Every structure is written in structure tokens, then in C-alpha cells.
Amino acid sequence: EKIKVITKRYIVTLSNIGGSVSDLELNDYKLNGGPLVLAKIALPDERIFSIDGINYINNSKFELERNGLNIDYRLRTEKFEIIKKYNFSNDNYGIELEIILKNFQNEPLFIPYGLIGGSNIEFESKFDERYISLSAKINDKISNFKNKKDQVTFRDGNTTWAALSNRYFSMILKPLDSNLGIFSKTSVSNNSLIGIRMGGLEIPSGKEISNKFFFYAGPNDEGTIKALGKGLEDSLNYGFFGGISKWLLWALRLLHKIVPNWGVALILLAIAVSVILYPLSITSYKSMKKLQILQPHMDKLRKEHKENPKRLQKEMMELYKKHKVNPMG
């Protein structure tokens, strides 16, 4: 049995098998006439918010309690009870989750488990597949990594967040309690997933423990992510030219506020960059023309000193100096 949670930002499909998310769509973004599908996951063991490390849980039938945007899934066994409490936001791309474990035994119960965050993120083409990335902030250091097919990777350390991203969107899981690290996997079918490993969970007899998480599923937009106030903005990877990229994005957003059309804003940004770089372009052009004029002299020097590279280099430098030419442009 599946239910849908529809907000301004997303459509989430949950299943009572495992009490986890099987489909995730974004209402703000359209593709082929409907909401953009960010994830669609068939296997219960690979679904978002599935439990890793407790046998049979993800294939068990949970009981459902629903109150608007608050949803509880509950499963009771002979030894313990597990409750997944969801709180969906109507204003942003966030989902709050609390997992409660209750011990019914007459002795302590030790349950280390993992929680899957990002899973099976969609991509439009083979070209876009190269942009899929797994990353995490562990012990205040950001790591990016890839797995071989059907291989599980573990990274130890206290994790601030774990993310699965494609070219334009991300799924980011943030634990709000101490943890052991992350686990990630790329299945044979190329389904990439990442999650948080919770540990040291010894539950006294008749007691319960809870762990809280925050999950983001939305665009790779620094302003949108920063507005959540969860410290997830450093999950965005701008590449080698990160500083320049941030400046250009800031300028593009500023132009979009003045002219609320992304196409026109891009054209204006291109013109602005061309104007800024114009002096450099002119200087480079003049140097190129001088080099073309000096080309016969350079060829002559190469013939005269082809057996003496050091002498050739010296003569070339003197020629450049005499005519005030920068060979590097």
C-alpha cells in the first residue's frame, strides 16, 4: 500500500513495506509535462529512509498513522518496536525524520543500524550520468568518492552530512545525533546510494532511544540550501574554478532580479563579462599581431642557431625585448 504526500515543493510516495520512500518528485520543476522525477526506487532495501543492518525490516509491513503532513510508520516484533516519524514541509525542500527504537526484552538490546539517504538519483542522458557524485563531510572534511559496481564502501568518523547529487539536484541526509560514519554502494544496475551509520545503540530493558535526521531533496542552489539553516551549503561542488563560478552565479541572480527572464539575464551577463575582459583581449590581440610581424625574423634565427638551442633562446628573448612583445600574449 502506497500513499502520496503532496506539498508546494515535492511529491513523496511512501510504502508501508519498510515504511520508506519509493518515489520522489519535485513540483517546482517540470519535465515532459509533469513534476520532475528525482528518484524512483523499486527495491525496498534501496529506498530512501530504508534501514540497513536489521534483517527483514525493509520487507516487513508497517502500520500507518497519518495526520496531514505528519506520518508515522510503526512495526512491532517480539523483541522491539521501530517507529518512523515523518514531518513534511510545505515551504521548503526539507523532510524531518525521527526513528524511535523500543526494547521489549528483559535484557539490554544492541542495535547498530544504517539509514539510507540518497538513492537512485535520476539523470536525463548518458552525458549527465558523469555528473552523479557521492560525497560526505566526515570529521569536518569533505570527501568525494565513487564505488565499483556492487561494492559497499565504509568511511569512519562523525558525519555532518552525506549527499548524492546529479548535475542539477541533490539528496542530502544530515544526522542530528552522533554517528559512526557513512556507507555507500553502486549496485549492478548502477543505482548509487549513500547513508549514515548509527552505532553504539544499546537500549536498556523496557526503554527506548531515538535518532533524528534532516533530509534535503532539491536544486543545487546555494541560496535555497543556505536558507534552511542546516549547514548543508558546503555540499555544493563548484569544481576547480569555484570562486569564479560563485561570482558569476551571484551576478546572474542579480541581473535576474532586474530583468526577470533567465535568457535575457544570461545575455546581459555575457555582455558584461566581454566588457570586463575587453582590455585583456585587446592586449592579447596586439601581442599576436606583433608576433606575426616578427615571424620571418624568428624563422631566420631558428635556421641560424638550430644547432645551438641556448643561443637561439637568447636571441629570441632579445628580439622580444627589442620589439616589446610578450610571447605569452
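Structure's up top.
Because the structure is predicted, anything quoted here is derived from the model rather than measured. (Residues numbered from 1 in each chain as written. Predicted model: local features only at pLDDT ≥ 70, side-chain atom pairs only at ≥ 80, totals over all residues. Heavy atoms only, no water.)

**Regarding the overall build of the protein chain**
Reasoning step 1: For the protein chain, the count of helices and strands is five helices and 20 strands.
Reasoning step 2: For the protein chain, whose C-alpha radius of gyration is 28 Å, the value lies well above the compact-globule estimate of 20 Å for 329 residues.
Reasoning step 3: Dimensions of the protein chain along its principal axes, counting C-alpha atoms only, are 95 × 50 × 35 Å.
Reasoning step 4: By residue count, 44% of the 329 residues in the protein chain fall in the buried class.
Reasoning step 5: Expressed as a percentage of contacts within the protein chain between residues at least 6 apart in sequence, the contacts between residues at least 24 apart total 57%. (Helix = DSSP H or I, 4+ residues; strand = E, 2+ residues; numbered from the N terminus. Rg over C-alpha atoms; globule rule 2.2 N^0.38 Å. Buried < 20%, exposed > 50% of the residue type's maximum accessible area, 1.4 Å probe, protein only. Contact = heavy atoms within 4.5 Å.)

**Overview of unusual backbone geometry**
Reasoning step 1: Unusually for a residue other than glycine, asparagine 32 sits at a positive phi of about 55°.
Reasoning step 2: Along the polypeptide, asparagine 32 turns up in the loop between strand S3 (20-31) and strand S4 (34-40).
Reasoning step 3: Exposure remark for asparagine 32: the relative accessible area of 80% places this residue in the exposed category.

**What about the pairing of strand S11 (residues 113-119)?**
Reasoning step 1: Summarising burial for S11: seven of the seven residues are buried, a large majority.
Reasoning step 2: As defined by bridge partners, strand S5 (residues 51-52) adjoins S11 across two bridges and the pair is classed as antiparallel. Pairing of aspartate 52 across the sheet is with glycine 114, part of S11.
Reasoning step 3: The sheet contact formed by S11 and strand S18 (residues 192-198) spans five bridges and is antiparallel. Residue isoleucine 116 lies in a different strand from S18, and its bridge partner there is glycine 195. (Pairing = 2+ DSSP bridges.)

**Section: the sheet that holds strand S16 (residues 169-175)**
Reasoning step 1: Spatially, nine strands are ordered S6-S7-S8-S9-S20-S16-S15-S12-S13 in an open sheet, and the strand pairing comes out antiparallel. The sheet terminates laterally at strand S6 (63-67) and strand S13 (141-145), the two strands that pair on one side only. Averaged over all pairs of adjacent strands, the angle between strand axes in this sheet comes to 15°, irrespective of strand direction.
Reasoning step 2: The pairing of strand S9 (residues 94-103) with strand S20 (residues 208-219) spans nine bridges and is classified as antiparallel. The residue of S20 that forms the bridge with isoleucine 95 is phenylalanine 215. (Axes fitted to C-alpha atoms, helices over the stretch in contact; angles between N-to-C directions.)

**Side note on the sheet that holds strand S17 (residues 181-186)**
Within a sheet, neighbouring strands are paired by backbone hydrogen bonds and run either parallel or antiparallel to one another.
Reasoning step 1: One open sheet holds the five strands; their spatial order is S5-S11-S18-S17-S14, and the pairing between them is antiparallel. Edge strands, defined here as strands with exactly one partner in the open sheet, are S5 and strand S14 (151-156).
Reasoning step 2: Note that S14 and S17 share six bridges and pair antiparallel. Directly across from aspartate 156, in S17, lies its bridge partner glycine 181.

**Quick notes on the packing of aromatic side chains**
Reasoning step 1: Applying the stated criterion across every chain, the model contains seven aromatic pairs.
Reasoning step 2: Their ring planes at 65° and their centres at 6.4 Å tell us that tyrosine 10 and phenylalanine 88 sit as a pair that is edge-to-face. Taken as a pair, tyrosine 10 in strand S2 (residues 10-15) and phenylalanine 88 in strand S8 (residues 80-88) lie far apart in primary sequence, 78 residues in all.
Reasoning step 3: Aromatic side chains tyrosine 73 and tyrosine 86 sit 6.4 Å apart centroid to centroid with 90° between the ring planes, which places their arrangement in the edge-to-face category. Here tyrosine 86 lies in strand S8 and tyrosine 73 lies in strand S7 (residues 70-76), a separation of 13 residues in the sequence.
Reasoning step 4: Members of the aromatic cluster, each reached through a chain of ring pairs, are Tyr10, Phe49, Tyr73, Tyr86, Phe88 and Phe215. (Phe/Tyr/Trp six-rings, centres within 6.5 Å; stacked < 30°, edge-to-face > 60°.)

**Considering helix H5 (residues 309-322)**
For the α-helix, the turn length of 3.6 residues means that residues three or four positions removed from each other point alike.
Reasoning step 1: Relative to the 20 Å expected for 14 residues at 1.5 Å per residue, H5 spans 20 Å between its end C-alpha atoms, a close match to the ideal helical length.
Reasoning step 2: Of the positions making up H5, those classed as buried are Leu312, Glu315, Met316, Leu319 and Tyr320. Projected onto a plane normal to the axis of H5, the buried residues spread over an arc of 140° and lie on a single side. Turned more than 90 degrees away from the buried face of H5 sit Lys310, Gln313, Lys314, Lys321 and Lys322, all of them exposed.
Reasoning step 3: The inward-facing, buried residues of H5 abut helix H4 (262-304). (Expected span 1.5 Å × (residues − 1). Arc of directions from axis to C-beta.)

In short, geometric facts, not functional conclusions.
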